[in-house]
Amino acid sequence: MIFKRKPPCTSLLSALVVSTILLSASSYAQESVRTSVQPPYAPWEGEILPLPLNGEKTHIDREEENLPPPLSRVESFYAERIVDELAQYGYDLFQQSSESATLRSPSGGVHQESVIIGVGDTLDIILRGQLNERQEYSISPQGLLILDQFPPLSVIGLTLKQLQDRLTLEAESLVNTEIFVSLKTIRQVGITVAGHVKNPGRHILTATHTIMDALYMAGGIQNTGTLRRIKLIRGGKTQSIDLYGLLQNGSSRVDIPLREGDKIMVSSIGDTLAIAGDVKNPAIYEIPSNQRYSLATLFALSGGLISPSEYRFIKLSLNTHGQEITQDITNFGKRQFGDGSILIVSRRKQTRKGAIEIEGNSTTQGLHDINKSRTLSALLPDRSSFGTDIYPLIGLIERWNEKTLAPEYLSFSPLGIVNKESDHTLQQNDKIHLFSREDIRDLETEKTQERPENLEEKALDPLLKTILKEHAVYIRGAVRQEGIYPIHESTALEDILSIAGGYTLEANTHKIEVTENRDGHIYRQTIDLEARADEPLLLQAGDTIRVNTHAKTLVENSITLYGEVTSPGRYDLMPGDSLLSLIERAGGLTEHAYPDGGVFSRKSERKREENRFKSQASDLELKLASMLKAEKTPNHQQVSIVENLIRDLRHAKAVGRITVEADPEILLTSPELNILLENGDKIYIPKRPLTVRVAGEVLSPSALQFRSEKKASTYIEEAGGLSYHADKKRAFVIFPNGSAQPLRVNYWSHQAGLIPPGSTIIVPRDPKPFDFIEGVKDVTQIVSNLALTAVFAEEIGDGD
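A short tour of the structure in this document, coming up.

Parameters and conventions
- Residues numbered from 1 in each chain as written.
- Predicted model: local features only at pLDDT ≥ 70, side-chain atom pairs only at ≥ 80, totals over all residues.
- Heavy atoms only, no water.
- Phe/Tyr/Trp six-rings, centres within 6.5 Å; stacked < 30°, edge-to-face > 60°.
- Helix = DSSP H or I, 4+ residues; strand = E, 2+ residues; numbered from the N terminus.
- Buried < 20%, exposed > 50% of the residue type's maximum accessible area, 1.4 Å probe, protein only.
- Lys NZ or Arg CZ within 6 Å of the ring centre and 35° of its normal.
- Pairing = 2+ DSSP bridges.
- Axes fitted to C-alpha atoms, helices over the stretch in contact; angles between N-to-C directions.
- Core = buried A, V, L, I, M, F, W, Y, C linked by side-chain atoms within 4.5 Å.
- Contact = heavy atoms within 4.5 Å.

As for the packing of aromatic side chains
Two descriptors summarise a pair of aromatic rings, namely the distance from one centre to the other and the angle between the planes of the rings. Under the definition given, this model contains nine aromatic pairs. Measuring from centroid to centroid gives 5.5 Å for Phe313 and Phe332, while their planes differ by 80 degrees, and the two rings are edge-to-face. Residue Phe313 is found in strand E13 (residues 311-318), and its partner Phe332 is found in the loop between strand E14 (324-328) and strand E15 (342-347); the two are separated by 19 residues along the sequence. Between the aromatic rings of Tyr562 and Tyr684, the centroid separation amounts to 5.4 Å while the plane-to-plane angle is 35 degrees, which identifies the pairing as tilted. Linking Tyr562 in strand E28 (residues 558-563) with Tyr684 in strand E32 (residues 682-685), this pair joins segments that are 122 residues apart in sequence. Assessed through its relative accessible area of 9%, Tyr562 is described here as buried. In this structure Tyr684 comes out as buried when scored by relative accessible area, which is 18%. Three or more aromatic residues joined by ring pairs make a cluster, and in this case those are Phe299, Tyr311, Phe313 and Phe332. Taking NZ or CZ as reference, Lys315 lies 5.6 Å from the ring centre of Phe337, over its face.

Considering the sheet that holds strand E27 (residues 544-549)
Two strands in a sheet stick together by hydrogen bonds in their backbones, pointing the same way (parallel) or opposite ways (antiparallel). Taking strand neighbours across the sheet as the criterion, the five strands line up as E22-E21-E27-E24-E25 in an open arrangement whose pairing is mixed. If you trace the sheet from one side to the other, it starts and ends with strand E22 (483-486) and strand E25 (521-527), each paired once. When strand polarity is set aside, the average angle formed by the axes of neighbouring strands in this sheet is 20 degrees. Summarising the sheet, strand E21 (residues 472-477) and E22 pair through four bridges and their orientation is antiparallel. Opposite Ile475, over in E22, you have Gly483 as the bridge partner.

What to know about the nonpolar core
With 66 residues, the main nonpolar core has Leu145, Leu215, Ile221 and Leu243 as its most contacted residues. Looking at this core element by element, the count peaks at six residues for helix H5 (residues 211-217). Residues in contact with Ile221, not counting those within four places in the same chain, are Tyr91, Phe94, His196, Val197, Lys198, Leu215, Thr226, Leu227, Ile230, Leu243 and Val266. Counting 31 residues, the second-largest nonpolar core is a separate cluster that includes Leu393, Ile467, Leu497 and Val514.

Re the environment of Leu167
Looking at the secondary structure, you find Leu167 in helix H4 (residues 160-170). Residues Leu167 and Phe180, spaced 13 residues apart in sequence, show a C-alpha to C-alpha distance of 8.5 Å. Setting aside residues up to four positions removed in sequence, Leu167 forms contacts with Ile125, Leu145, Leu147, Leu153, Ile179 and Val181.

Okay, structure coming up:
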């Protein structure tokens, strides 16, 4: 049993509305009561209340932060001495919210017939027979019940049952008349709860409530208070109440009805001892002062031992010098456990007798009776004993060797067992390990990959993985699943290949390379399996098999051609294919094609460009981090600019453009310009353009109409002019074939020849805002490359 602790209340309780408590003849109505507003702990005269330390968290803070409740001082005392963290016994009886504890009676009060009648109670009296009437009567201030048919009766101190009996006796004077009495309403009583409760003070309840109800209404007993020496002060007399009777035996002696003026005092907790280990209810128990307990008594207190077994009983106690004394206890009757003692119950590790166990990929996992399964064939009679993912070439028997006092492992073939080709005799306490194919795949990884949560299998023990690798053969080459395959003794190659998924289509079964390790000597031979079809190839642990392929192997290669060709799309690629042969396969160029503006994107170049962007982003991150640690740090705006540049580099789409000749007529006359194609190439042939594009740091990037007399500065003016962040000194033009030339642009001069249609003028961003970064020249190149990439990425993307 786990005992939960509730943190001490440190806040004031809100006042609750008083409502009248009505009780009917058949059942009690739920009652609402009011508790007076009190501090969480009412000190007695002369007692000093502790104040919270600076920074100390209240229980509200801890609940909001989802922190575990703090240990009490008693719990901390024992936690420092033993490994187990024990809770104080019995305080979970009051584990409920203050609201629910206040608004309703957890115990339900006493039975109606046991209620003692008092002044102010209202009775419902029914006469049946010669007289038939029903009336309500209130008990007078003098304690009298005045009925029309009977003389006044003094009822103070009588229970409702006693009053019923007396009225029945009085009704004998009436012929054929029965009388019935029930409580209509009952008086309220004011009681005081003080001491170590969460809400001490005066509380209003009813005469049907008990001592336990009063403790609930007070929020329960704090773990600094006693459960065994609660005092009820009534009429100048004191009665002691022990809640352990209720907790241990369900005793109803605590169901004492409340009376007006009762005082309930919960003093500080008394002597304690701890019981830890293999008992049913390990906890910290309160014991009567100066009383010593025996082992047998402590067993009864803690619910007894967990199970029949051999146990050690260890006593920990402190001497007068604060030293911990450890003793083995064997005397069950001697009273030797007192205040501060700890009993540790240690159970001997259980061993099984007459059992064997299956673990792993089996439908019959768990313990089995060895008398019914003395062999592996009896334990695993058919294929239904295995899981759907069984690895059939090896299993392990884990057996304890009494001579060496260590486990040993014996291999077997699950496939051979179900095919009745082999068998093994089992011994008591053997453990049978069956493996899944997923387990075998995990052998090739240094760290086992996480299994999905819905799989019951767990990662293999490292020792089992080592043993499996010792029994492994290695399959490589033209098989569908290369890898490590553990086997039991000699195993046919065909059986291993079936687990490996079989040969691939390009496998050459006439050339199987086998490397063997026999008696420390390594042999290699090439075998023609088809020539020895009647003689299976048997493999042993440590052998390596390589299945060679035929000389020519088809590999899935393709390129993409789109734009102004007769048949755009994806084309298969063969060794020796060139750009010219591809255009011819596509039916040639259309009449609107502009080969001088062709864009040739190579996969390997795209990959290099993408890696370069990532490397530059990482380099900028390191430089920024270094500057932020320096004495003179960049301002927020500078940091934001660099972060935006890093983000652009991370998300930039690589173009990987290569400058090539794409005009078929030129390629025919100059075959040295005819580039050979590679897998993943993308070729875009645009329409003949009539525009010049202006991009980068201009106010209105756009494609502008081509005119032969236009200068670069004219195109820039038509695009709205330079933006605030433009770097006009580094402007450049990209010609349709991908080559580039720098420009020097201002409003009175320019340096560039004819800008042909299909060209792109790029004005990069001024690197001046990046002057605070070391290596600003690198930033200039980065900004230019990003501007260039943005221009062509969209065109290249159209062919995806």
